[in-house]
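# Observations on the model geometry
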Amino acid sequence: MAVFEIQLGLLASMQFVVFVFVTGGMLGYLAALHAFKQYREKTVRIKAIEKLSNATPEELKLLLAEVPSWVRSSEVEKAAWLSNGVRSMWPFLDKAISADVVSAVNPILESIVKDIPILNKLALRKTFTLGPVAPHITGVKHVKSPMDEVILDLSLRWAGTPSVHLDVATSVSPNLAVAVDDLVLEATVRIILKPLCNVWPTFSAITIAMVEKPRLNAALKAIGGADIMKFPGLGDTLMNVITNLSFDFMTWPERLVIPILDLSEEELRGLENKPTAVLQVKVISASNIPNVDTFDKTDPFVETTVRGKRWHRTSTKNNNLNPVWNENFVMFVEDVKAQHLKIKLSDDGAKARLLGSASIPLSSIEFNKATTHEVLLKGEYKSLAGSVMKGIKRYTQVDDGTEQVRGNTKGGAGTVKLEVMMRPIRVGEAEAGEFYGGMVTLHVERCDNLITKQSFQMKPSPRLRAFCNVPGQPPIPRNIFKGEVKKKTHAPLFDERFELIVYDIKEEVTIQVEDSAYRKQCLLGEYKFPITDVISAAGDEFKGVFKLRGVRSGDIRIHVRYAAFG
């Protein structure tokens, strides 16, 4: 009995030891697991913080895209009150804005079609409406501005149901009607209320622009049963136009001006962006251009711009993969911090083919200093097989002020060599006796009653030629500009603009009308005026109809503006 009790005691002791060992092990395991989880979470947090600290601004924008703007920035306020107000006014805004959108967007689409081989026509139908759903405004920021205007940056999200119908014609398909559905837009929109007035709604016009390229998702559906995906490349091309190219024409400083009250022509001009600088661009040459022609070589030309609505084009160099141009262009700059110098390289033909593109931020260009840039173009040409020439644009400035290409050019669209110089425009009156030069913007609207010297019966083919020079001295070659030929007409509608750099206050502007039908210069008349005429005019501008000199008949309608360098 005693032995049995001893055995039971030993068994109980062993059970207790096992219980203590198992319980202690489990508790130790749980404690170790908890410590490991805390260590892992801490390590993950440290790595996340390290990634955030090393992230680029573009990566941070992607990470914070879903965070409301009033959380990301202390300058942005909540805008529930404004969103409710827009929702109430939306039916009236829809009616006021829709017609202006169609008239403003179609010229943009028409200019875009010229650079897209697959498209022959792209137009927004007049049935366009914004739909019943108003955008939701998530934040509002007030931008400092002069006393006569109010500027607001609105962060908005819009899952709208607009009526967006496009008329599309391509080289491989019949005419199509395409609807844009399931539209979701996230953007920061700049609203300018200007000029302010004493009658309701207290402002005479609304100016709308995108502060940066928006995020847009949409679906394309063919109206009438046709499957848009049966046409190779059409769906992708249309989405690219809608999501990228079109918004290039609406990103600040590009803008859409919508008059609310009746405004005079002078008041509408006052709503235009005022230039703050002038950019002089010399397209020197290109190299390593890919050959995209079947039977001969590429026929390249270059276009440059700082505003998407007007491109400055070089001449075409036929059958040349390493062309030299040395051609000069001048263009106004409205916002140095926001704008870029854009460069396109294309192959000339019945319809030009875009080969490559690149851009240079104007904020990287010093004032009053000529610098040379060699820019690697990003491949844009899509072959028949559907592959796109891939490339990157990289440039870096070296100590001598020259920008050189870095990185591998394999697979790109070649390089373009440019010389650029930016000069600020003076604001306010100059001191007595000082003259730093300036820029004359010459808008020739039309000519009337032109006659040729050879025959009164023949219709001339007029072309404009404009330049500045000191009387008795030849004009500077880079400051001579020629316009397009208007074939066989006595009353050509030119609607052409020329930007002329003025270096000396003694200079005068000459506008010549030539008959391009003759090899030797055959003048249909000319008009001259000294620079002092436009400088002394009210607002540094004048316009009117003037008689052409040196001929018996001919009138020219012009509008001239002057901007002084600082």
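Throughout what follows, the structure given in this document is the object of discussion. (Residues numbered from 1 in each chain as written. Predicted model: local features only at pLDDT ≥ 70, side-chain atom pairs only at ≥ 80, totals over all residues. Heavy atoms only, no water.)

This part is about the overall build of the protein. Counting secondary structure elements, the protein contains 7 helices and 27 strands. Looking at the protein as a whole, 42% of its 566 residues are labelled buried. Of the contacts formed within the protein by residues at least 6 apart in sequence, a portion of 67% connects residues at least 24 apart. When the accessible surface of the protein is summed, it comes to about 31800 Å², and 57% of that surface belongs to carbon and sulfur atoms. (Helix = DSSP H or I, 4+ residues; strand = E, 2+ residues; numbered from the N terminus. Buried < 20%, exposed > 50% of the residue type's maximum accessible area, 1.4 Å probe, protein only. Contact = heavy atoms within 4.5 Å. Areas by Shrake-Rupley, 256 points an atom, 1.4 Å probe, with all protein chains shown as cover.)

The next thing to look at is the packing of aromatic side chains. All told, the structure shown has 5 aromatic pairs when counted by the stated rule. Note on Tyr-527 and Phe-546: the rings are 4.8 Å apart at their centroids and 20° apart in plane angle, and the pair reads as stacked. Of this pair, Tyr-527 sits in strand β25 (residues 523-530) while Phe-546 sits in strand β26 (residues 541-547), and the two are 19 residues apart along the sequence. When its relative accessible area of 21% is taken as the criterion, Phe-546 is described as partly exposed. On the numbers, 5.3 Å between centres and 85° between planes, the contact of Phe-529 with Phe-542 is edge-to-face. Residue Phe-529 is found in strand β25, and its partner Phe-542 is found in strand β26; the two are separated by 13 residues along the sequence. Taking relative accessible area as the criterion, Phe-529 reaches 1% and is therefore assigned buried. Relative accessible area serves as the criterion here: at 17%, Phe-542 is assigned to the buried category. One aromatic cluster is present, formed by Tyr-527, Phe-529, Phe-542 and Phe-546 through successive ring pairs. Over the face of the ring belonging to Trp-252 we find Arg-190, whose NZ or CZ atom lies 5.0 Å from the ring centre. (Phe/Tyr/Trp six-rings, centres within 6.5 Å; stacked < 30°, edge-to-face > 60°. Lys NZ or Arg CZ within 6 Å of the ring centre and 35° of its normal.)

Moving on, we come to the environment of Phe-546. Separated by 10 residues in the primary sequence, Phe-546 and Ile-556 place their C-alpha atoms 5.4 Å from one another. With near-sequence residues (within four places) excluded, Phe-546 lies in contact with Tyr-527, Gly-554, Asp-555, Ile-556 and Ile-558.

What follows concerns the pattern of salt bridges. Inspection of the entire model under this criterion finds 15 salt bridges. The partner of Arg-190 in a salt bridge is Asp-153, and the shortest N-O contact between them spans 2.8 Å. Here the residue Arg-190 occupies a position in strand β5 (residues 176-193), and Asp-153 occupies one in strand β3 (residues 150-158), the gap between them amounting to 37 residues. With a relative accessible area of 8%, Asp-153 lands in the buried category. Between Glu-366 and Lys-369 there is a salt bridge, and its shortest N-O distance comes to 3.7 Å. Salt bridges sharing partners connect three or more residues here, namely Arg-157, Glu-186 and Arg-215. (Salt bridge = Lys/Arg side-chain N within 4 Å of Asp/Glu carboxyl O.)

Moving on: the sheet that holds strand β11 (residues 312-313). The strand order β11-β10-β13-β14-β16 describes an open sheet built from 5 strands, whose pairing is antiparallel. With one partner strand each, in any of the chains shown, β11 and β16 (378-379) form the two edges of the open sheet. (Pairing = 2+ DSSP bridges.)

What holds strands together in a sheet is hydrogen bonding between their backbones, with the strands either parallel or antiparallel. Spatially, β22-β21-β24-β25 is the arrangement adopted by the 4 strands of the open sheet, whose pairing is antiparallel. Single-partner strands in this sheet number two, and they are β22 (480-482) and β25. Each neighbouring strand pair of the sheet contributes to a mean axis angle of 15°, computed without reference to strand direction. In the sheet, strand β21 (residues 462-469) pairs with strand β24 (residues 508-515) via 8 bridges, with the strands oriented antiparallel. (Axes fitted to C-alpha atoms, helices over the stretch in contact; angles between N-to-C directions.)

With that settled, the discussion passes to the side chain of Thr-298. Note that Thr-298 resides in the loop between β9 (277-287) and β10 (300-305). Apart from residues no more than four positions distant in its own chain, Thr-298 is found in contact with Ile-289, Pro-290, Asn-291, Val-292, Asp-293, Lys-317, Asn-318, Asn-319, Asn-320, Leu-321, Asp-347 and Leu-355.

Attention now goes to the side chain of Thr-371. Locating Thr-371 in the fold gives a position in strand β15 (residues 371-376). One polar contact links Thr-371 to His-373, side chain to side chain, over a distance of 3.0 Å. (Polar contact = N/O pair within 3.5 Å; in protein donor to acceptor, adjacent residues only side chain to side chain.)

With that settled, the discussion passes to unusual backbone geometry. The amide bond that connects Lys-194 to the next residue, Pro-195, takes the cis arrangement and shows omega of -5°. Locating Pro-195 in the fold gives a position in the loop between β5 and β6 (205-210). Phi is positive for Asp-182, close to 50°, though the residue is something other than glycine. Mapped onto the elements, Asp-182 comes out in strand β5. With phi around 60°, Asn-368 is a residue other than glycine that occupies positive phi space. Relative to the assigned elements, Asn-368 resides in the loop between β14 (353-361) and β15. Owing to a relative accessible area of 46%, Asn-368 belongs among the partly exposed residues under this scheme.

What follows is about helix α4 (residues 80-113). For an α-helix, the turn length of 3.6 residues means that residues three or four places apart are oriented alike. A rise of 1.5 Å per residue sets the reference length of α4, with its 34 residues, at 50 Å; its end C-alpha atoms lie only 40 Å apart and thus fall more than 12% short of the reference. At Trp-90, α4 shows its maximal kink, close to 60°; a proline, Pro-91, follows between one and four residues later. (Expected span 1.5 Å × (residues − 1). Bend = angle between axes of the 7 residues up to and from the residue.)

Bringing the nonpolar core into the picture now. Formed by 49 residues in total, the largest nonpolar core has its most connected members in Leu-119, Leu-122, Leu-124, Val-168 and Leu-238. Element by element, the count of residues in this core is highest for α4, at 10 residues. Ignoring sequence-local partners within four residues, the contact set of Leu-122 consists of Leu-109, Glu-110, Val-113, Leu-166, Asp-167, Val-168, Leu-238 and Val-241. (Core = buried A, V, L, I, M, F, W, Y, C linked by side-chain atoms within 4.5 Å.)

Turning next to the environment of Phe-329. Tracing the chain through its elements places Phe-329 in strand β12 (residues 324-333). With 170 residues separating them in the primary sequence, Phe-329 and Glu-499 have C-alpha atoms 8.2 Å apart. If we ignore the near neighbours within four places in the chain, the residues touching Phe-329 are Leu-279, Gln-280, Val-281, Val-283, Thr-304, His-312, Arg-313 and Thr-314.

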